[in-house]
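A structural walkthrough
Next come the chains, spelled out residue by residue.
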Amino acid sequence: MAQMKINGQSVAFEPGQSVLQAAQANGIKIPTLCYLAEATPTGVCRMCVVEVVGADRLLPSCDTPAGEGMEVITDSPRVTEARKAILEMLLASGEHNCLLCEANGECKLQALAYEYGLEAPATLPAKAEFPLDDDYPVITRDFSKCILCGRCVQACNEVQVNLAIPAPWGPRQDQEPDKGWFPLVDYENCTHCGQCVQACPVGALTEKKAKGKGRSWETKKVRTTCPYCGVGCQLWLHVKDNQIIKVTAVEDAQPNRGRLCVKGRFGYDFIHSPERLTTPLIKENGEFREASWDEALDLVAERFMEIKKEHGPDSIAGVSCARSTNEDSYNMQKLFRAVIGTNNIDHCART
């Protein structure tokens, strides 16, 4: 295995890895802002700069290939000063008021500013200089907090491949004054999946439904499987006072690896709907009455047996739900073929 040195320590790396990936694989922390693991590194923010022996300038570790015999220093005074300067420019570039920001506690810029001991800039640009996109139902895009890292662009175009956020291009001074150089959305292509929100490292992109519902330190994260289809996407439910206030994808879990569709991310209101059935109902004399699960299942089994006895097993058919897991669908077909005795079994995705 190829070897290099990071902070004087010999470490192994795989051919094709960047310096950042080699460091992360060996438990060495390098701060990042724009880096998105599943997208092409851009080196836009420069927070991950490191010293490479023999190089005449600091290099972005996310976009610098690891090399045999390379010597890298990740935390020298020169590197620290460069990162501080970058953070100071980012803090001064927008309206980063943590007290009022929905991302307070989950903001990478806030965490890095605290880690490097920075203070708030003396003056902030006027809010009117920044566009605000708040016309659509699930996402607020407040570009006064945007640090132009490009993660939302990559999440949309390279991870979800929706191509709904064109990358800003050309000289900033040539852009329209009211739009500037910001990653504005082309809503003709947007599926409102919210992948851009999950990728945003600051409070520029936030979910409307979660606004004011709870801070990150007030919520409990519960891992579960999305119920909307059989793919089995892994979710984090952000729960406060037994209420789900937000859903995010589990970044390193199969099969979705941090991705979600619009239903999986935003369609959780039904869980707390007062119209949701919470107990079985049996209809008698034209009226529904509540029943236990045992009573309801016994009634269904009894009715199936009566129909089978009178009309034969092929008089009964079953359709498995697309929300079911593979295991539930297997049990469904087993019930119909082995217990009821019919091949009249299908799946709603085919019907």
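One can find the structure itself at the top, above this paragraph.
Residues numbered from 1 in each chain as written. Predicted model: local features only at pLDDT ≥ 70, side-chain atom pairs only at ≥ 80, totals over all residues. Heavy atoms only, no water.

1. A closer look at the pattern of salt bridges
Scanning the entire structure with this criterion turns up 12 salt bridges. Between Lys145 and Asp142 there is a salt bridge whose closest N-O contact spans 3.1 Å. Accessibility assignment for this pair places Lys145 and Asp142 in one class, buried. Overlapping salt bridges bring together Glu284, Arg289 and Glu295 as one network. (Salt bridge = Lys/Arg side-chain N within 4 Å of Asp/Glu carboxyl O. Buried < 20%, exposed > 50% of the residue type's maximum accessible area, 1.4 Å probe, protein only.)

2. Regarding unusual backbone geometry
As a rule of thumb, non-glycine residues mostly have phi less than zero, and peptide bonds are mostly trans rather than cis. Residue Pro255 follows Gln254 across a cis peptide bond; omega there is 5 degrees. Not every positive phi belongs to a glycine, and Arg46 is a case in point at roughly 70 degrees. For Arg46, the location among the structural elements is in the loop between helix 1 (19-25) and strand 3 (49-52). By relative accessible area, Arg46 is classed as partly exposed at 31%. Despite not being glycine, Asp241 shows a phi value in the positive range, around 50 degrees. As for its placement among the helices and strands, Asp241 is situated in the loop between strand 10 (234-240) and strand 11 (243-249). (Helix = DSSP H or I, 4+ residues; strand = E, 2+ residues; numbered from the N terminus.)

3. With respect to the sheet that holds strand 11
Strand order in the open sheet made by the 3 strands is 9-10-11, with antiparallel pairing throughout. Looking at which strands have only one partner, the edges of the open sheet turn out to be strand 9 (220-225) and strand 11. If you compare each strand with its neighbour and ignore which way they point, the axes differ by 30 degrees on average. Inspection of the sheet shows strand 10 paired to strand 11 by 6 bridges, in the antiparallel sense. Counterpart to Leu237 in the pairing with strand 11 is Val247. (Pairing = 2+ DSSP bridges. Axes fitted to C-alpha atoms, helices over the stretch in contact; angles between N-to-C directions.)

4. Quick notes on the pairing of strand 13 (residues 287-290)
Judged from the 4 bridges that link them, strand 12 (residues 281-284) and strand 13 form a sheet pairing that is antiparallel. Within strand 13, the position partnered with Leu281 by the bridge is Glu290. Taken together, strand 12 and the strand that follows it, strand 13, pair antiparallel across an intervening segment of 2 residues, in which Asn285 is found at a positive phi of about 55 degrees.

5. Some details on the pairing of strand 11
Extensive coverage of strand 11 is indicated by the burial of 6 of its 7 residues. Where strand 10 hands over to strand 11, the hairpin turn is made up of 2 residues, of which Asp241 adopts a positive phi near 50 degrees.

6. Topic: the packing of aromatic side chains
Tallied over the entire structure, the rule returns 4 aromatic pairs. Judged by centre distance (5.5 Å) and plane angle (40 degrees), the rings of Phe143 and Phe182 are tilted. With Phe143 in the loop between strand 7 (139-142) and helix 4 (151-159) and Phe182 in the loop between helix 4 and helix 5 (195-199), the pair connects residues that are 39 residues apart, well separated along the chain. Across the pair, exposure class does not vary: Phe143 and Phe182 are buried alike. With 6.0 Å between their ring centres and 75 degrees between their planes, Tyr228 and Phe270 make a pair best called edge-to-face. Taken together, the positions of Tyr228 in the loop between strand 9 and strand 10 and Phe270 in the loop between helix 6 (262-266) and strand 12 put the pair 42 residues apart, joining distant regions of the chain. Residue classification places Phe270 among the partly exposed positions, given a relative accessible area of 32%. (Phe/Tyr/Trp six-rings, centres within 6.5 Å; stacked < 30°, edge-to-face > 60°.)

7. Notes on the sheet that holds strand 2 (residues 9-13)
In spatial order, the strands read 2-1-5-3-4; together these 5 strands make up an open sheet with mixed pairing. Bordering the open sheet on either side are strand 2 and strand 4 (59-60), each of which pairs with just one other strand. Relative to strand 2, strand 1 (residues 2-6) runs antiparallel, the two sharing 5 bridges. Of the residues in strand 2, the one forming a bridge with Gln3 is Ala12. Helix 2 (residues 77-92) contacts strand 3 and strand 5 (71-73) of the sheet and is inclined by roughly 155 degrees relative to strand 3. (Contact = heavy atoms within 4.5 Å.)

8. Re helix 4
Of all 9 residues that make up helix 4, 7 are buried, and the element is covered over most of its length. Looking at the buried side of helix 4, the elements it contacts are helix 5 and strand 8 (205-207). Val161 sits one or two residues past helix 4 and shows a positive phi near 55 degrees.

9. Here we look at the packing of helix 2 against helix 3 (residues 108-115)
Following both chains from N to C, one finds helix 2 and helix 3 inclined at 130 degrees, their axes separated by 10 Å at the closest point. By the angle class used here, helix 2 and helix 3 are oblique. By crossing handedness, the relation of helix 2 to helix 3 is classed as left-handed. Mapping the contact onto sequence places Leu87, Leu90 and Leu91 in helix 2 and Leu109, Leu112 and Ala113 in helix 3. Residues that form the contact of helix 2 with helix 3 fall into these classes: 6 nonpolar, no polar and no charged. (Parallel < 35°, antiparallel > 145°, perpendicular 65-115°, else oblique. Left-handed = near helix turned anticlockwise from the far one by under 90°. Nonpolar A, V, L, I, M, F, W, Y, C, P; charged D, E, K, R; others polar.)

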